[in-house]
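Listed below, chain by chain, are the residues.
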Amino acid sequence: MKRQLYLAVTIVLSMLRLNAQQKDFSPGEIWYDTKQQPINAHGGGLLRHQGKYYWFGEIKKGKTWKVPGSNWENYRVVAGGVACYSSTDLVNWTYEGVALPADTNNTKSELHISNVIERPKVIYHAATKKFVMWFHLDSPDYSLARSAVAVSDHVAGPYTYIGSVRPNGNMARDMTVFVDDDKKAYHFYSSEENATMHIALLSDDYQSHTATDKRILIGQSREAPAVFKYNKKYYLLTSGCTGWSPNAASWAVADSILGEWKPVSNPCTGADAEKTFFAQSTFVLPVDPEKGKYIFMADRWNKLNLEDSRYIWLPLQMNAQGVPEIAWQKTWNLSQFRKR
Ligand code: DGJ
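Rules behind the numbers
- Residues numbered from 1 in each chain as written.
- Predicted model: local features only at pLDDT ≥ 70, side-chain atom pairs only at ≥ 80, totals over all residues.
- Heavy atoms only, no water.
- UniProt positions renumbered as here; feature names shortened; annotations may be inferred.
- Pairing = 2+ DSSP bridges.
- Helix = DSSP H or I, 4+ residues; strand = E, 2+ residues; numbered from the N terminus.
- Near = heavy atom within 4 Å.
- Polar contact = N/O pair within 3.5 Å; in protein donor to acceptor, adjacent residues only side chain to side chain.
- Areas by Shrake-Rupley, 256 points an atom, 1.4 Å probe, with all protein chains shown as cover.
- Nonpolar A, V, L, I, M, F, W, Y, C, P; charged D, E, K, R; others polar.
- Buried < 20%, exposed > 50% of the residue type's maximum accessible area, 1.4 Å probe, protein only.
- Phe/Tyr/Trp six-rings, centres within 6.5 Å; stacked < 30°, edge-to-face > 60°.
- Core = buried A, V, L, I, M, F, W, Y, C linked by side-chain atoms within 4.5 Å.
- Axes fitted to C-alpha atoms, helices over the stretch in contact; angles between N-to-C directions.

The name an unreviewed UniProt entry gives the protein chain is Putative glycosidase, with Flavihumibacter petaseus NBRC 106054 as the organism. Recorded in UniProt for the protein chain, the comment headed Sequence similarities (unreviewed entry) runs: "Belongs to the glycosyl hydrolase 43 family."

Right, here's the structure in full:
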């Protein structure tokens, strides 16, 4: 009888937990999906489609090891492919499955688990009705330095791998894609051994590069690009290049996307701002861009246990001078924007 009661209570409690709606962002804490599994979507990006948000990110699962022979902090896990989650409120996320799997069998495949699959970003092409995923593809020592593309008719996938490229012959590592109001899409990528950022205009179908390819932040060694538009200007957040270890973020601004980019300063304020709150940028999500309200998405990497890397999502607010400001919040929700 006692045992039956215990079982009944356990079942009710787990049902309650499964149905529990989270209300707040808790940066740095383990973030559980709606099935109470830790969200596994690192170096990710968001796509809003038909009233829902989709979060794509790297699956990091299993043991972390240091690649033998590397003279830098080349810690890694097997490439796990790209996961997709969906949400209507940005706090409660439902696992949609593996959007792009890594290849566990064919060692010749570019998507083989021994390679590196990082920073996936998905954009939607309305005319072809295709979802286009770009990501950083690399070899275990990061010497391949390529960008790869996959497409799908369905937002959550499965995505069909098309192939990889060095855009206009250039090395390409950390990256993001940005679709402007005129529907032109741009690929921002760290190039030239990460010393210089490039912005390449993608083809009309978003699936390849045009020859329009501009060098910006020349020789400044920036990576982890995240782009947004505010008040007709373009903003780019980046990190420095220190492997998995955190450093100071910086923002740059331009009047036109292929125009002059002016580096400005660190958008983070308060304690640990010089280390980006121990995280590295990955995406900026517009929440109410007219009012200068965005979410700054970053990864707090755990280089010795990459699977346990955490997510740092914080409000990014534009001040009256057009300066992006990101301050630490232990817990917060979207109503926080209005309080400031
Ligand atoms: C920093 C990059 O931003 C990450 O995406 C990853 O490539 C690590 N370097 C690898 O050390």
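Enquirer: Looking at this model, I keep getting lost on the sheet that holds strand β15 (residues 222-230). Mind explaining?
Expert: One key point about sheets: their strands pair by backbone hydrogen bonds, in either a parallel or an antiparallel sense. With antiparallel pairing, the 4 strands of this open sheet are ordered in space as β15-β16-β17-β18. Single-partner strands in this sheet number two, and they are β15 and β18 (262-263). Alignment of strand β17 (residues 250-254) against β18, held across 2 bridges, turns out to be antiparallel. Bridge assignment links Ala252 to a residue of β18, and that residue is Pro263.

Enquirer: Where do I start with the site of the ligand in this structure?
Expert: Neighbouring residues of the ligand: Trp72, Glu118, Arg119, Tyr142, Asp174, Glu223, Gly243, Trp244 and Gln280. Arg119 places a polar side-chain atom, nitrogen or oxygen, 2.9 Å from an oxygen atom of the ligand. Gly243 is positioned with one of its backbone polar atoms (N or O) 3.5 Å from a nitrogen atom of the ligand. Here the ligand, which alone exposes 290 Å², has 97% of that area covered by the protein. Its residues placed into classes, the shell around the ligand shows 3 nonpolar, 2 polar and 4 charged.

Enquirer: Even after reading the chapter, I still don't get the pairing of strand β11 (residues 175-179), so can you show me in this structure?
Expert: The side chains of a regular strand alternate between both faces of the sheet. Counting buried residues along β11, 4 of its 5 residues qualify, which places the element largely inside the surrounding structure. As paired strands, β11 and strand β12 (residues 185-191) are joined by 5 bridges and run antiparallel to one another. Bridging from a neighbouring strand, Phe178 pairs with Tyr186 of β12.

Enquirer: Is there a simple way to explain the packing of aromatic side chains in this structure?
Expert: We describe a pair of aromatic rings using the distance from one ring centre to the other and the angle between the two ring planes. By the definition in use, this model includes 25 aromatic pairs. Between Trp55 and Trp313, the aromatic rings sit 4.8 Å apart at their centres with planes inclined by 50°, giving tilted as the arrangement. Linking Trp55 in strand β2 (residues 52-60) with Trp313 in strand β22 (residues 310-318), this pair joins segments that are 258 residues apart in sequence. In this structure, Trp55 and Trp313 share a single accessibility class: buried. Between the aromatic rings of Trp93 and Trp313, the centroid separation amounts to 6.1 Å while the plane-to-plane angle is 80°, which identifies the pairing as edge-to-face. Residue Trp93 is found in the loop between β5 (79-87) and β6 (94-100), and its partner Trp313 is found in strand β22; the two are separated by 220 residues along the sequence. Judged by its relative accessible area of 0%, Trp93 is buried. Through a chain of ring-to-ring contacts, the aromatic side chains of Phe25, Trp31, Trp55, Tyr85, Trp93, Tyr95, Tyr311, Trp313, Trp332 and Phe337 assemble into a single cluster.

Enquirer: What is the right way to look at the nonpolar core in this model?
Expert: Side chains that are nonpolar tend, in soluble globular proteins, to be buried together. Formed by 41 residues in total, the largest nonpolar core has its most connected members in Leu46, Trp55, Trp93 and Trp313. Elements with a contribution of two residues or more to this core: β2, β5, β15, β16 (233-240), β17, β20 (280-288), β21 (293-300) and β22. Considering every element that reaches this core, the biggest residue donor is β22, with 6 residues. With 21 residues, the next largest nonpolar core counts Leu47, Ala99, Leu111 and Ala156 among its residues.

Enquirer: It is not clear to me how the sheet that holds β12 should be interpreted in this structure. Could you clarify?
Expert: Taken in spatial order, the 4 strands line up as β11-β12-β13-β14 in an open sheet, and their pairing is antiparallel. In the strand order of this sheet, the two ends are held by β11 and β14 (209-216), each with one partner. Neighbour-to-neighbour, the strand axes of this sheet turn through a mean angle of 25°, independent of strand direction. The pairing of β12 with strand β13 (residues 196-202) spans 6 bridges and is classified as antiparallel. What sits directly across from Phe188, in β13, is Ile199.

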